[in-house]
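Listed here are the chains, written in short residue letters.
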Amino acid sequence: MPRRDTALLFDLDGTLVDSVYQHVLAWKEALDREGVELSVWRIHRKIGMSGGLFANILLRETGLEITAERLDRLRTWHAEAFNRQHTQGSVRPLPGACELLAYLTEQDIPWAIATSGRMQTAARNVEALGVDPSKVPVVTRDQVRHGKPDPDLFLAAAARLGVDIRQSLVIGDSVWDMLAAQRARALGVGVLSGGYGQAELQQSGAFRVYDDPADLLRHIDEVAARD
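This section reports on the structure supplied with the text.

1. Structural notes on the overall build of the chain
Secondary structure summary: the chain contains ten helices and eight strands in total. In terms of overall dimensions, the chain is globule-like: its C-alpha atoms have a radius of gyration of 17 Å, near the 17 Å expected for 227 residues. With 227 residues in all, the chain has 55% of them scored as buried. Here the contacts in the chain between residues at least 6 apart in sequence split such that 64% fall between residues at least 24 apart. About 10,200 Å² of surface is accessible on the chain, with carbon and sulfur atoms providing 47% of the total.

2. A short note on unusual backbone geometry
Geometrically, the link from Lys-148 to Pro-149 is a cis peptide bond, its omega value of 15° lying close to zero. If you trace the backbone, Pro-149 turns up in the loop between strand S5 (138-139) and helix H7 (152-161). Even without a glycine there, the phi angle at Asp-108 is positive, about 60°. Although it is not a glycine, Arg-185 adopts a positive phi angle of roughly 70°. Summarising the element assignment, Arg-185 is placed in the loop between helix H8 (175-184) and strand S7 (187-191).

3. Topic: the packing of helix H4 (residues 68-87) against helix H6 (residues 119-128)
The contact between H4 and H6 brings their axes to 9 Å, and the two run at 15°. Viewed along their axes, H4 and H6 adopt a mutual orientation that is roughly parallel. Seen from above, H4 lies across H6 with left-handed handedness. Here H4 contributes His-78, Ala-79, Phe-82, Asn-83, His-86 and Thr-87 to the contact with H6, which in turn contributes Gln-120, Thr-121, Arg-124 and Asn-125. Residues that form the contact of H4 with H6 fall into these classes: two nonpolar, seven polar and one charged.

4. Details of the pairing of S7
Regular strands place their side chains on alternate faces of the sheet. Across the five residues of S7, four count as buried, placing the element largely inside the fold. Here strand S6 (residues 168-172) runs beside S7; their pairing, made up of four bridges, is parallel. The residue of S7 that forms the bridge with Gly-172 is Gly-190. The sheet contact formed by S7 and strand S8 (residues 206-210) spans four bridges and is parallel.

5. A few points about H4
Helix length check: H4 (20 residues) gives 29 Å between terminal C-alpha atoms against 28 Å at 1.5 Å per residue, within 8%. Taken together, the buried positions of H4 are Arg-70, Leu-71, Leu-74, Trp-77, His-78, Ala-79, Ala-81, Phe-82, Asn-83, Gln-85 and His-86. Directly beyond the C-terminal end of H4, a positive phi value near 85° is found at Gly-89.

6. What about the packing of aromatic side chains?
In this structure the tally under the stated criterion is one aromatic pair. Between Phe-10 and Trp-111, the ring centres sit 6.5 Å apart and the planes meet at 80°, which makes this aromatic pair edge-to-face. Taken as a pair, Phe-10 in strand S1 (residues 7-10) and Trp-111 in strand S4 (residues 111-114) lie far apart in primary sequence, 101 residues in all. For Phe-10, a relative accessible area of 0% translates into the label buried. Among the residues examined, Trp-111 registers a relative accessible area of 9% and is labelled buried.

7. Description of the sheet that holds S5
Sheet strands pair by backbone hydrogen bonding; their relative direction is either parallel or antiparallel. Pairing is parallel in the open sheet, where six strands are placed in the order S5-S4-S1-S6-S7-S8. Each end of this open sheet is capped by a strand with a single partner; those strands are S5 and S8.

Cut-off values and rules
- Residues numbered from 1 in each chain as written.
- Predicted model: local features only at pLDDT ≥ 70, side-chain atom pairs only at ≥ 80, totals over all residues.
- Heavy atoms only, no water.
- Helix = DSSP H or I, 4+ residues; strand = E, 2+ residues; numbered from the N terminus.
- Rg over C-alpha atoms; globule rule 2.2 N^0.38 Å.
- Buried < 20%, exposed > 50% of the residue type's maximum accessible area, 1.4 Å probe, protein only.
- Contact = heavy atoms within 4.5 Å.
- Areas by Shrake-Rupley, 256 points an atom, 1.4 Å probe, with all protein chains shown as cover.
- Axes fitted to C-alpha atoms, helices over the stretch in contact; angles between N-to-C directions.
- Parallel < 35°, antiparallel > 145°, perpendicular 65-115°, else oblique.
- Left-handed = near helix turned anticlockwise from the far one by under 90°.
- Nonpolar A, V, L, I, M, F, W, Y, C, P; charged D, E, K, R; others polar.
- Pairing = 2+ DSSP bridges.
- Expected span 1.5 Å × (residues − 1).
- Phe/Tyr/Trp six-rings, centres within 6.5 Å; stacked < 30°, edge-to-face > 60°.

Have a look at this one:
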């Protein structure tokens, strides 16, 4: 059983906020605008990586030339398309997300958010959760050298909390979260709300898998030590 000082380090999109498919469509719009033809399912399989690595891999699969200018355009257009969906009200916290975070705070269990998104797209999701970044660590891609599947985001989140990463749990919805957890030497806990299957998450390192934040809250005693 994890110790009482165990910290929970949350991914954001697909883990706390129902936004994975909106990201897929936003990337699709950006790629179409750039003249890059790529199937939607291929885009989905890369969601959860850092935006720069994600765009690099997608462009590599198409055989197109990768330039800094092209990557900058894609990131900008993706952010514009994603934030437009936020304005339309299609991006919302997942069931139980706000309640789970409130419970952890009430029980004095440390937690933080570590997202491969840049603050340009993450800010609205954080706001939708009612999270105050001045009180809870929120680590974005802008603040670390490498995004997922590298461990930098979760290592930075643990450092901000002042906890041992080896006593922390990474909560994520993608194989990239679980790979980053392993590389950080943390335990991985998966949720199905990002579209990856249970077997995929377990094979990439998740020792427990739940449906969504509400399901995790119902089983919180399985992953976080009780009084």
